[in-house]
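Inside the fold
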Amino acid sequence: YRSMRRPYEAAAALREACALPSPLRIEAAALLERTLNLLAALGDVDARSALHAHREWMRRTLDLSNAGADVLRILASALASDGQYRQALELYAKIGTDLPGYGESLRSRALCHFKLEEFEPAARFALAALGRPEDADSSLDLACRALLALERPQDALTATERHVPDDPVLAQWRLAR
């Protein structure tokens, strides 16, 4: 149903899959999360309330100890988008360093800490995420904002110089010093 762009039918089928005691239950729950998110983004008011109910069901019901990195990332992202940053951090922390989603989870963890105004861990995770080229710009921005909130402008400048050495604005600033 999802590939045929029939999200309502997909949601119904995924709800049935979530009710079954199966190893694929967690994946079905994550896909249902995505589908309801899509419908909610399209303005479906019923999908918004169903999304909140589904997230609560997932939190209470699912054993995520064996969930893969993709599922953990989807569920954590859903919690973060709901403003439940502490719960999202718990799920992001379960993504081990050897799993494929670890690098991507670093920036997300940094953002959750930043939203909680925990600037030290926000800066630490954002700086660690700088090694991923696809997240480098947003991670650097987040790291600098956290470091500035900690009143560490020199560290923010050092991070910027290290990760964007050819920046023309920095070059002009160096000349003006």
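Structure report, in brief. Because the structure is a prediction, the values reported are computed rather than measured.

**Thoughts on the overall build of the protein**
Each helix and strand in the protein was counted, giving 10 helices and 0 strands. The helix and strand sequence of the protein, counted from the amino end, reads α-α-α-α-α-α-α-α-α-α. Per-residue burial for the protein yields a buried fraction of 40% across its 177 residues. For the protein, restricting intrachain contacts to residue pairs at least 6 apart in sequence, the fraction spanning at least 24 positions comes to 42%. Total accessible area on the protein is roughly 10300 Å²; 53% of this is exposed by carbon and sulfur atoms.

**Digging into the environment of Ala149**
For Ala149, the location among the structural elements is in helix α8 (residues 136–149). Ala149 gets classed as partly exposed once you look at its relative accessible area, which sits at 39%. Sequence spacing of Ala149 and Glu117 is 32 residues, and the spatial spacing of their C-alpha atoms is 8.9 Å.

**Some remarks on the packing of helix α2 (residues 25–41) against helix α4 (residues 69–81)**
Axis separation between α2 and α4 bottoms out at 10 Å; the angle between their running directions is 40 degrees. In terms of orientation, α2 lies oblique with respect to α4. The handedness of the crossing between α2 and α4 comes out as left-handed. Across the interface between the two elements, Ile26, Glu27, Ala30, Glu33 and Arg34 from α2 touch Val71, Ile74, Leu75 and Ala78 from α4. Considering only residue class, the contact of α2 with α4 consists of 6 nonpolar, no polar and 3 charged.

Calculation rules
- Residues numbered from 1 in each chain as written.
- Predicted model: local features only at pLDDT ≥ 70, side-chain atom pairs only at ≥ 80, totals over all residues.
- Heavy atoms only, no water.
- Helix = DSSP H or I, 4+ residues; strand = E, 2+ residues; numbered from the N terminus.
- Buried < 20%, exposed > 50% of the residue type's maximum accessible area, 1.4 Å probe, protein only.
- Contact = heavy atoms within 4.5 Å.
- Areas by Shrake-Rupley, 256 points an atom, 1.4 Å probe, with all protein chains shown as cover.
- Axes fitted to C-alpha atoms, helices over the stretch in contact; angles between N-to-C directions.
- Parallel < 35°, antiparallel > 145°, perpendicular 65-115°, else oblique.
- Left-handed = near helix turned anticlockwise from the far one by under 90°.
- Nonpolar A, V, L, I, M, F, W, Y, C, P; charged D, E, K, R; others polar.

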